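# Remarks on the overall topology
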Amino acid sequence: MPQVFRPRRLFAFAASLALLLGLLGCSSGSAASQEAAADVPPEYAQLYAAARAEGRVKVYMVLVPPVVEALKKGFEQKYPGVTLDAVRLTDPEMLPRVDAELGTEQGTADLLLNTSVAWLRKHGAQNAWAAADRSPLANGASGYDPEAWFDATHKMYEVGAALITFAWNTDLVPGGIRDYPDLLDPALKGKLGVNQLSSGQATDFYTWLEQTFGTEYYEGLAAMNPRIYEATAPIVAALGAGEIAAANWASPQLVEDARKKGAPIDYALSPKGSFAARGFAVLNAKAKAPNAAQLFLDYLLSAEGQRIAWQHGSSVLNPPPEGVLTTQD
């Protein structure tokens, strides 16, 4: 079993004093905010007081907009007095933007949540990121295991993953799909949607398919005369419209959203595992709000943050919180 580290206990008097000083320094806040601040556990008192002094934190995230908004709402409710400037950016948008910003005096966001591992490691090797030395959860409290999920060399915290799996139109495939080999059913020939091999993640996905189900499966997939789509959203839309009957690439988050709007689609996870776009959080080594950034990272690693971020994905906590689809294992 993975080793679980326990947070260091802080002396009650020192924690109370730090909290008092933080509240005095933010006396302009509302009475409700100050009352909420008093409920912060002692181990968070100093970090929260420092974050309140900074006032706000800027975060770039690749998560879908509804999740970004939910994280902002949850964080600001839990830590009143600290505003989360959440900016949703896709990888193609974030990477060049951050590359340019890191070379300026203004710098980039205080924290980034991204899935491009090689890009993150490149900047980590150049000391662009910092360790979260004041976050209890990032250092092993609760169910987060830094020995498993923290890349100390590149200062990268793995925080969860968005899953990619197969899906189908329930009107056209009433019996459903149990696993990836079912997609090779001759009845689906010409009616199967696949993701275009045009990104690093797509390359990794098809490599995983071949390694998991064999080269024969990979070749059989090509023989299905599939329809090729550039991204996940068009695939889910095509499934809902009946343009295709099944697909090898779909996001549970998007499928669930489409189902709520009445689309006849469903998904399942393979018994042999699922492909995941792993999410990493990194702290800007030159952050303007380093304490607020660590406080947000801690929130992201909490049971509440994991439920919001990865409700239809996988959590890094062990045991996982109720309300997430699966675990990072």
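Given the structure is predicted, the values throughout are model-derived calculations rather than measurements.

Now for the overall build of the protein chain. Along the backbone of the protein chain there are 13 helices and 13 strands. Every one of the 329 residues in the protein chain was classed for burial, and the buried ones make up 48%. Restricting the contact set of the protein chain to residue pairs at least 6 apart, pairs at least 24 apart contribute 73%. Accessible surface, the protein chain as shown: approximately 15700 Å² in total, 53% of it carbon and sulfur.

We now examine the environment of Pro321. Note that Pro321 resides in the loop between strand E12 (313-315) and strand E13 (326-327). Along the chain, Pro321 and Glu304 lie 17 residues apart, while their C-alpha atoms are 8.0 Å from each other. Beyond its immediate sequence surroundings of up to four residues, Pro321 is in contact with Ala303, Gln306, Arg307 and Ser315.

With that out of the way, let us pick up the packing of aromatic side chains. Going through the model one piece at a time under the given rule, you end up with 19 aromatic pairs. Relative to Trp129, the ring of Trp119 lies with its centre 6.4 Å away and its plane at 55 degrees, an arrangement referred to as tilted. Here Trp119, found in helix H6 (residues 117-125), pairs with Trp129, found in strand E4 (residues 129-130); they are ten residues apart in sequence, far enough to count as distant. Exposure remark for Trp119: the relative accessible area of 8% places this residue in the buried category. For Trp129, a relative accessible area of 4% gives the class buried.

Time to look at helix H8 (residues 200-213). Across its 14 residues, H8 extends 20 Å between first and last C-alpha, which sits within 8% of the 20 Å expected from 1.5 Å per residue. If you check which residues of H8 are buried, you get Ala202, Phe205, Tyr206, Trp208, Leu209 and Phe213. Projected onto a plane normal to the axis of H8, the buried residues spread over an arc of 155 degrees and lie on a single side. In the core, the buried residues of H8 are packed alongside strand E6 (156-169), strand E7 (192-195), helix H9 (215-222), strand E9 (246-250) and strand E11 (275-284). Where H8 ends, the next residue or the one after it, Gly214, has phi of about 95 degrees, a positive value.

Taking burial as the measure, the ten residues of E11 include eight buried ones, the bulk of the element. The pairing of strand E3 (residues 111-114) with E11 spans four bridges and is classified as antiparallel. Across the sheet, the residue bridging to Leu112 is Val282, located in E11. With two bridges connecting them, E4 and E11 associate as antiparallel partners. Directly across from Ala130, in E11, lies its bridge partner Leu283. Across seven bridges, E6 lies against E11 in antiparallel orientation. Bridging across to E11, Ala161 finds its partner in Arg278.

Here we come to the nonpolar core. Judged by nonpolar contacts, the single largest core of 56 residues is most densely connected at Leu63, Phe75, Val159, Leu295 and Leu297. For this core, the element with the most residues is helix H12 (residues 290-301), which contributes eight residues. Those residues within four positions of Leu297 in sequence are excluded, and the remaining contacts are Leu111, Ala132, Ala138, Tyr157, Val159, Ala281 and Leu283. Counting 35 residues, the second largest nonpolar core, distinct from the first, contains Tyr180, Tyr229, Ile235 and Trp249.

Here we come to the confidence of the model for the protein chain. For the protein chain, per-residue confidence averages 86 on the pLDDT scale, and 88% of positions sit at 70 or higher. In the predicted structure, residues 1-36 sits below a pLDDT of 50 and forms 39 contacts with residues beyond four places in sequence or in another chain.

We now examine the packing of H8 against H9. For the pair H8 and H9, the least separation of the axes is 6 Å and the interaxial angle reads 125 degrees. As far as their axial angle goes, H9 and H8 are oblique. Each of Tyr206, Leu209, Glu210 and Phe213 in H8 lies in contact with H9, whose residues at this interface are Thr215, Tyr217, Tyr218 and Leu221. By residue class, the composition of the contact of H8 with H9 is six nonpolar, one polar and one charged.

To continue, consider the packing of helix H4 (residues 65-78) against H12. Two numbers describe how H4 lies on H12: the axes approach to 11 Å, and their chain directions differ by 110 degrees. Here H12 runs roughly perpendicular to H4, going by the angle between their axes. Helix-helix and strand crossings are classified by hand; for H4 and H12 the assignment is right-handed. Between H4, through Leu71, Gly74, Phe75 and Lys78, and H12, the contact on the second element is made entirely by Ala292, Leu295, Phe296, Tyr299 and Leu300.

Rules behind the numbers
- Throughout, a residue's number is its position along its own chain's written sequence, starting from 1.
- Restriction of local features to residues with pLDDT of at least 70 applies here, the model being predicted, together with a cutoff of 80 or more for giving and counting side-chain atom pairs; totals for whole chains, interfaces and linings are based on all residues.
- Only hydrogens and water are set aside when side-chain values are computed; all heavy atoms of the structure are taken into account.
- A run of H or I in DSSP becomes a helix once it reaches four residues, and a run of E becomes a strand once it reaches two; helices and strands are each numbered from the N terminus.
- Residue burial is assigned from relative accessible area. The probe radius is 1.4 Å, only protein chains are included, and a residue is buried under 20% of its type maximum, exposed over 50%, and partly exposed in between.
- Contacts: residue pairs with any heavy atoms within 4.5 Å of one another.
- Shrake-Rupley sampling with a 1.4 Å probe provides the accessible areas, and residues are treated as covered by the protein chains on show and by no other component.
- Here a pair means two rings of Phe, Tyr or Trp (six-membered ring of Trp) with centres within 6.5 Å. Their orientation is stacked below 30 degrees between planes, edge-to-face above 60, and tilted elsewhere.
- By definition here, a helix of n residues has an expected span of 1.5 Å times n minus one.
- An arc is given here, and it is the one of the directions from the helix axis to the C-beta atoms.
- Here the rule is simple: two strands pair whenever DSSP picks up at least two bridges between them.
- Side-chain atoms within 4.5 Å are what join buried Ala, Val, Leu, Ile, Met, Phe, Trp, Tyr and Cys residues into a set we call a nonpolar core.
- Per-residue confidence from the predictor is given as pLDDT, running between 0 and 100.
- Throughout, an axis means a line fitted to C-alpha atoms (over the contacting stretch in the case of helices), and angles, computed between N-to-C directions, take values from 0 to 180 degrees.
- Between 65 and 115 degrees an angle is taken as roughly perpendicular, under 35 as roughly parallel, over 145 as roughly antiparallel, and anywhere else as oblique.
- Following the grouping adopted for this structure description, the nonpolar residues are Ala, Val, Leu, Ile, Met, Phe, Trp, Tyr, Cys and Pro, the charged ones are Asp, Glu, Lys and Arg, and the polar ones are all others, Gly among them.
- What makes a crossing left-handed is the near helix being turned counterclockwise from the far one by less than a right angle; a clockwise turn instead makes it right-handed.

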